[in-house]
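Coordinate analysis (summary)
Now for the letters of each chain:
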There are 4 protein chains.
Amino acid sequence: MKSQIITFLIKCPDQKGLVAKTTNFFYNGGFNIISCQQYVNSIEDKFFMRIRVVSDETVALSKKQLEERFNLLASEFKIDWKVDYGRIKQKVAIMVSNTSHNLYDLLHRHKEEKLNCDITMVVSNHEKLKPIADMFEIPFYYMPVSKETKDSQERELIDLFTSHHIDLIVMARYMQILSSNFIGVFPEKIINIHHSFLPAFQGANPYKRAYERGVKLIGATAHYATEYLDEGPIIEQGVERVSHESTPTSLKKIGADIETMVLARAVSCHLNNQIIIDGNKAIVFPEPGE
Amino acid sequence: MKSQIITFLIKCPDQKGLVAKTTNFFYNGGFNIISCQQYVNSIEDKFFMRIRVVSDETVALSKKQLEERFNLLASEFKIDWKVDYGRIKQKVAIMVSNTSHNLYDLLHRHKEEKLNCDITMVVSNHEKLKPIADMFEIPFYYMPVSKETKDSQERELIDLFTSHHIDLIVMARYMQILSSNFIGVFPEKIINIHHSFLPAFQGANPYKRAYERGVKLIGATAHYATEYLDEGPIIEQGVERVSHESTPTSLKKIGADIETMVLARAVSCHLNNQIIIDGNKAIVFPEPGE
Amino acid sequence: MKSQIITFLIKCPDQKGLVAKTTNFFYNGGFNIISCQQYVNSIEDKFFMRIRVVSDETVALSKKQLEERFNLLASEFKIDWKVDYGRIKQKVAIMVSNTSHNLYDLLHRHKEEKLNCDITMVVSNHEKLKPIADMFEIPFYYMPVSKETKDSQERELIDLFTSHHIDLIVMARYMQILSSNFIGVFPEKIINIHHSFLPAFQGANPYKRAYERGVKLIGATAHYATEYLDEGPIIEQGVERVSHESTPTSLKKIGADIETMVLARAVSCHLNNQIIIDGNKAIVFPEPGE
Amino acid sequence: MKSQIITFLIKCPDQKGLVAKTTNFFYNGGFNIISCQQYVNSIEDKFFMRIRVVSDETVALSKKQLEERFNLLASEFKIDWKVDYGRIKQKVAIMVSNTSHNLYDLLHRHKEEKLNCDITMVVSNHEKLKPIADMFEIPFYYMPVSKETKDSQERELIDLFTSHHIDLIVMARYMQILSSNFIGVFPEKIINIHHSFLPAFQGANPYKRAYERGVKLIGATAHYATEYLDEGPIIEQGVERVSHESTPTSLKKIGADIETMVLARAVSCHLNNQIIIDGNKAIVFPEPGE
């Protein structure tokens, strides 16, 4: 574990001594603390921490030893935790239907090594975007779906993602509602982009409804998918000014750029271990200084 | 009508020749066109125009003559229109409850002559903000209300506003729901500030609900009040980034500044004759160059 | 000229009757006016208009006839004008060096038919981005340059662009300063993206200098190139919040997304005939309703 | 020191063990850590921390004892530090000339207890804004200045501020350049609002110059005053979109609202002990959760 950055994400009931004991744990273990971010929800008495440490050459601990020792601290404070050793890139599957802007953006960032992951595949219920996957030399899986085949298609999706050890599923404008069953198989592992400023315009046709309502700003929301449609933990949101002159068509164009930026940021925060999910909320620690 | 700016607001079915005939009407009448803004809603085939003209010394038309002549054009094109001669300041009543930021802001802009109106009175169902009205030397009317007295209080409000010839009622965080009856007396004359980004968090306690939903942006919306709560034509909206660290209390603080800016802009657009209401939408023509 | 949209861009000294006479010209000529946008600079007494008209089936005028007739009006009012018949797509050359985000973005928008133009070629003083041009099947010209060969390279560039009838040159992070001579050959036809919020951080290394200055917002600026470096007419600008935690590297990342959006919008406004250049300023008429 | 929040602001060379040892110091001293924010500038190897602790009933340390003990840690790590016990409100002087929007805003926030300070006085080189100070019942000092009396006026200002134990001087559009001598007396204690997006349009008449340059966004900057005009550490910046239609007058109006928000936020961050100054930069720790 020499000179690698290790990230711990921690949540537990708020208690005295948490910061001191946790930082001591790593300091005494021979780690240098690169950053230590906390958030205390004092309304619900909960404590959250993201701590990034680097092992120096003298650290003789194996992963197993480190985790065993940390578990002792975790039991004392009832800590729920995750660790990432930063060595292995996460495997990502992108799901799309017929809309291309998010797909282009994610594939180009990936190709330019701006997204810390391996995009393993693009999956779609339509064939239309296959040429884009081809351009970027990413395997494309065409998996059509109808009312009748929805169950079997989802089973195939589950098999596909499981067999490829997919760590993150990005729904980059996949226009099918996934079943609770499917979502349950990948908890905290599905990010969706919704083309409105949630909770406004939940559900279908948000731009048409935004036009009809005459709003002066439109937005997009990236969130984790849960069994409740468009109600999962929000990771990132963006907005842009519009005017009475906007039509559903022009809102769609303006919205495309917001969706692109919002989804890219959300995926990047996830891959960078900046997020702790707590119930229906996403705690997103900033990391501007990278 | 020498050297005064006259503003016509026009709406009608879209037809060929509208721009040419309307601008000709004023040109041939001896007016100089300062600005001529159109908006064509090509989905619904509607035409909207805001045209500002200035009479020069040779114009011998009286208001009555001008309006009679314009009516000939209006009948030809089925134009629904309004005119403002810019001479008499609109009379404004501000309604508040216990929250002061919008009141301070509107009164200070008024005092500094940044709002083109006479603020005639402040009306409240509480006495708390009377000292602010006093500071700015604006008459304050304390009109308490309870479930039992709601009808009679509204009748008194109507009498008060009517007898003072109030042109615009600004609900600057007045925390009572006005009846359809009251609203019907002042059509297109009541502006409300709602402390959320509508249609998100319609109704009560938007900041608390924004906290619970874990949104990453909060907003405020100024709209005309109609009989449907928080559903009237939107004039202006604003947003600000927030994070998981925000509490209902901090959201309220951040929100106060958004509410202040959004309401001030909306009131200014209304007073400046920039708005045409069309069904449930507000067409707001820009006027940045003043 | 049946059912095609024709756009006139007009500038002249401000005078009485301009709107009426211009709109009449088109109305009487049998055109329907789709939109008519004016801007009066009352400080400098200048008038600007963008008028979009559509010919109907009864219009028997040829282009030549239309232009001849319009010239009569133009002489009367000293109008400087341009017309676009919207039939032929403009030919665009993109110039790059080693930075890819703007190139990816423009090529993807072009491929998805979101940019109303033909991207005819990508030109670079480096070979690094050739694979991207190849992916999108756009001819790539490698034209290296050194101090010694600068003059001859520019001559070759001029030949290349002239022989291909290039209408617009987009400098999408081309890191060479073009000579006044080169720029003079393509007046109002070169758009550059500068990676700062001009006039802040004009010149080299803006992100490094933004870091050193400790700014809390960074930006990007798209402008027409003139002989004065980074001082040409500004078309579009964007900003994003940053914090003390930002490093030159993270500013570069954040900035890349701003540059991408700002350049795409500027190019789109140019191609859509929304811009009139007046001295060192760009008048950019909005077109949100498309 | 029972149940009071104590804030330490710390800067030192980056070293291993800083977080652990500092948090231990407070934990072992019987304090509960409310928040602990760090920033490591890894380019310059500097460490910054803002730590907020609350003493519980068992803490028997006096201020003096606490500070003596902390000094031991400070010597070990070469820590430069400040502490605030949050009991005594800072005394603030506001300096203005003829522009009122910032003054209204600060006085109203103060009156509504939204600014954690005592505004002790308003000082101006003009009499124009006296009525505003009177409205809010804040002592107003009229201190005119001319080229000849500049030195003596500054000496009187120094006497006035010193004798009233002023902790913070807010230049809320005070249109005189203060001498290095004056500024040297109040290091890190003068906040200025500049009406442009620094470093753009440093110096006089920024809105006029913004109009002439044809920018598409304007801004405002709050910064600490240093001997170099408009070059001190930036605390906060804001921007707003403008268009070619903007005039110097309309830019001034739009700018007034940006200035108001930006200065209020900067003053609030200062009063809330969120800022550490490092050379020419301000490290501003967020505090959204209050």
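Residues numbered from 1 in each chain as written. Chains lettered and ligands numbered in written order. Predicted model: local features only at pLDDT ≥ 70, side-chain atom pairs only at ≥ 80, totals over all residues. Heavy atoms only, no water.

With that settled, consider the relation of the copies chain A and chain B. Overlay of chain A on chain B (RMSD 0.0 Å): rotation 180 degrees, translation along the axis 0.0 Å. Given the turn and translation reported, the copies of this chain are related as if by a two-fold rotation axis. Closest approach to the rotation axis within chain A is made by the C-alpha atom of Ala200(A), at a distance of 2.2 Å. (Least-squares fit on C-alpha atoms with pLDDT ≥ 70 in both.)

All names here are of chain A. Looking at the assigned domains, one finds that chain A contains domain 1 (4-84) and domain 2 (90-284). Each of domain 1 and domain 2 was reduced to a C-alpha centroid, and the two centroids are 32 Å apart. Taken together, the contacts link 12 residues of domain 1 with 10 residues of domain 2. Summing the contributions of domain 1 and of domain 2, the shared interface buries around 890 Å²; its carbon and sulfur component is 50%. Broken down residue by residue, the surface that domain 1 buries against domain 2 is led by Leu-9, Phe-48 and Arg-50, which jointly contribute 44%. For the interface between domain 1 and domain 2, the tally reads 2 salt bridges. Between the two partners, domain 1 and domain 2, sit 5 residue pairs in polar contact (both at pLDDT 80 or more). Looking at the side of domain 1 that touches domain 2, the elements that each hand over two or more residues are strand E1 (5-13), strand E3 (46-55) and strand E4 (80-84). (Domains from an automatic or database assignment. Contact = heavy atoms within 4.5 Å. Buried area = accessible area lost by both parts, 1.4 Å probe. Salt bridge = Lys/Arg side-chain N within 4 Å of Asp/Glu carboxyl O. Polar contact = N/O pair within 3.5 Å; in protein donor to acceptor, adjacent residues only side chain to side chain. Helix = DSSP H or I, 4+ residues; strand = E, 2+ residues; numbered from the N terminus.)

Moving on, we get to the relation of the copies chain B and chain C. Once chain B is rotated about the relating axis by 180 degrees and shifted along it by 0.0 Å, it coincides with chain C to within an RMSD of 0.0 Å. Take the interface residues of chain B: 100% of them recur as interface residues in chain C, which is what a same-surface contact looks like.

A word on the sheet that holds strand E4 (residues 80-84) of chain D. All names here are of chain D. The antiparallel open sheet is built from 4 strands, whose spatial order is E2-E3-E1-E4. Sheet topology places strand E2 (31-41) and E4 at the edges, where each strand pairs with a single neighbour. Sheet twist, expressed as the average angle between the axes of neighbouring strands with direction ignored, equals 10 degrees. Sheet topology note: the strand E1 (residues 5-13)/strand E3 (residues 46-55) ladder contains 9 bridges and is antiparallel. Bridge pairing in E3 places Phe-8 opposite Ile-51. Seen against the sheet, helix H1 (residues 18-28) touches E1, E2 and E3 and runs at an angle of roughly 20 degrees to E3. (Pairing = 2+ DSSP bridges. Axes fitted to C-alpha atoms, helices over the stretch in contact; angles between N-to-C directions.)

Moving on, we come to the side chain of Ser35(B). Residue position: Ser35(B) is located in strand E2 (residues 31-41). Once residues lying within four places of it in the same chain are set aside, the contact partners of Ser35(B) are Arg50(B), Ile51(B), Arg52(B) and Gln38(C).

Right, let's get into the interface of chain B and chain C. Counting residues at the interface gives 18 residues for chain B, matched by 18 residues for chain C. When the two sides are added together, the surface that chain B and chain C hide from each other amounts to roughly 1400 Å², 55% of it contributed by carbon and sulfur. Of all residues in chain B, Lys16(B), Ala20(B) and Tyr27(B) give up the largest surface area on contact with chain C, accounting jointly for 38% of the area buried on that side. Between the two partners, chain B and chain C, sit 0 salt bridges. Connecting chain B to chain C are 6 residue pairs in polar contact (both at pLDDT 80 or more).

Turning to helix H7 (residues 206-213) of chain B, a few remarks are in order. Looking only at H7(B), the buried set comprises Pro206(B), Tyr207(B), Ala210(B), Tyr211(B) and Arg213(B). Gly214(B) lies just past H7(B) and shows a positive phi near 70 degrees. (Buried < 20%, exposed > 50% of the residue type's maximum accessible area, 1.4 Å probe, protein only.)

A full pass over the atoms with the stated rule returns 63 salt bridges over all chains. Residues Arg265(D) and Glu240(B) are paired through a salt bridge, measuring 3.5 Å at the closest nitrogen-oxygen approach. Taken together, the residues Arg265(D) in helix H8 (residues 248-271) and Glu240(B) in strand E11 (residues 234-241) connect one chain to another. Since its relative accessible area comes to 28%, Arg265(D) is described here as partly exposed. Between Glu188(D) and Lys82(D) there is a salt bridge, and its shortest N-O distance comes to 4.0 Å.

This part is about the interface of chain A and chain B. Every contact between the two is made by 37 residues of chain A and, on the other side, 37 residues of chain B. Contact with chain B buries surface across chain A, with Arg213(A), Lys216(A) and His244(A) losing the most and accounting together for 23% of the total. Summed over the shared surface of chain A and chain B, the result is 2 salt bridges. For the salt bridge of Arg241(B) with Glu236(A), the shortest nitrogen-to-oxygen distance reads 2.6 Å.

All names here are of chain B. The strand order E7-E6-E5-E8-E9-E10-E11 describes an open sheet built from 7 strands, whose pairing is mixed. The open sheet is flanked by strand E7 (140-142) and E11, the only strands paired with a single partner. Geometrically, the sheet is characterised by an average inter-axis angle of 20 degrees between neighbouring strands, direction not taken into account. Note: strand E8 (residues 168-171) against strand E9 (residues 190-194), 3 bridges, orientation parallel. Looking at E9, one finds that Met-171 is bridged to Asn-192. Of the strands in this sheet, strand E5 (90-96), strand E6 (117-124), E7 and E8 touch helix H5 (residues 150-163), which is tilted by about 165 degrees from E6. Sheet contacts for helix H8 (residues 248-271): E5, E6, E8, E9, strand E10 (217-224) and E11; angle to E10, the most-contacted strand, approximately 30 degrees.

Each aromatic ring pair is described using two quantities: the centre-to-centre distance and the angle formed by the ring planes. Taken as a whole and assessed by the stated rule, the structure comprises 54 aromatic pairs over all chains. Aromatic pair Phe161(D) and Phe182(D): ring centres 6.3 Å apart, planes at 70 degrees, arrangement edge-to-face. With a gap of 21 residues between them, Phe161(D) in helix H5 (residues 150-163) and Phe182(D) in helix H6 (residues 180-185) connect regions that are remote in the sequence. The exposure class of Phe161(D) is buried, given its relative accessible area of 1%. When the ring centre of Tyr85(A) is taken as origin, the NZ or CZ atom of Lys63(A), which lies over that ring, is 4.4 Å away. (Phe/Tyr/Trp six-rings, centres within 6.5 Å; stacked < 30°, edge-to-face > 60°. Lys NZ or Arg CZ within 6 Å of the ring centre and 35° of its normal.)

Another aspect to go through is the environment of Asp80(B). Residues and elements named next belong to chain B. Here Asp-80 shows up in strand E4 (residues 80-84). Judged by its relative accessible area of 46%, Asp-80 is partly exposed. Spatially, the C-alpha atom of Asp-80 lies 8.4 Å from that of Leu-9, the residues being 71 residues apart in sequence. Here Asp-80 is in contact with Leu-9, Ile-10 and Lys-11, once residues within four sequence places are set aside.

Residues and elements named next belong to chain D. One way to put it is that helix H7 (residues 206-213) packs onto H8 with a least axis distance of 9 Å and a crossing angle of 120 degrees. The orientation of H7 with respect to H8, classified from their angle, is oblique. The two elements H7 and H8 meet at a crossing, and its hand is right-handed. Of the residues in H8, those in contact with Tyr-207, Lys-208, Ala-210 and Tyr-211 of H7 are Pro-248, Leu-251, Lys-252, Gly-255, Ala-256 and Glu-259. In the contact of H7 with H8, the residues fall into 6 nonpolar, 1 polar and 3 charged. (Parallel < 35°, antiparallel > 145°, perpendicular 65-115°, else oblique. Left-handed = near helix turned anticlockwise from the far one by under 90°. Nonpolar A, V, L, I, M, F, W, Y, C, P; charged D, E, K, R; others polar.)

For the rest of this paragraph, the subject is helix H3 (residues 101-111) of chain C. Residues and elements named next belong to chain C. Counting buried positions over the 11 residues of H3 gives 10, a clear majority of the element. Within H3 the residues assigned to the buried category are His-101, Asn-102, Leu-103, Tyr-104, Asp-105, Leu-106, Leu-107, His-108, Arg-109 and His-110. In the stretch just after H3, Glu-113 is the one whose phi turns positive, near 60 degrees.

All names here are of chain C. Covered by surrounding structure in strand E13 (residues 281-284) are Lys-281 and Ile-283 together with Ala-282 and Val-284, the residues of both alternating faces. Examined bridge by bridge, strand E12 (residues 275-278) and E13 share 4 bridges and lie antiparallel to one another. Paired with Ile-275 across the bridge in E13 is Val-284.

Right, let's talk about the packing of helix H3 (residues 101-111) of chain B against H8(B) for a bit. When two helices pack together, their arrangement is given by the angle between the helix axes and the distance between those axes. All names here are of chain B. Taken N-terminus to C-terminus, the directions of H3 and H8 make an angle of 40 degrees; their axes are 9 Å apart at the nearest point. When the interaxial angle is binned, H3 and H8 end up oblique. Two packed elements cross with a definite hand, and for H3 against H8 that hand is right-handed. On H8, the residues touching His-101, Asn-102, Asp-105, Leu-106 and Arg-109 of H3 are Ala-256, Glu-259, Thr-260, Met-261, Leu-263 and Ala-264. For the contact of H3 with H8, the per-class residue count stands at 5 nonpolar, 3 polar and 3 charged.

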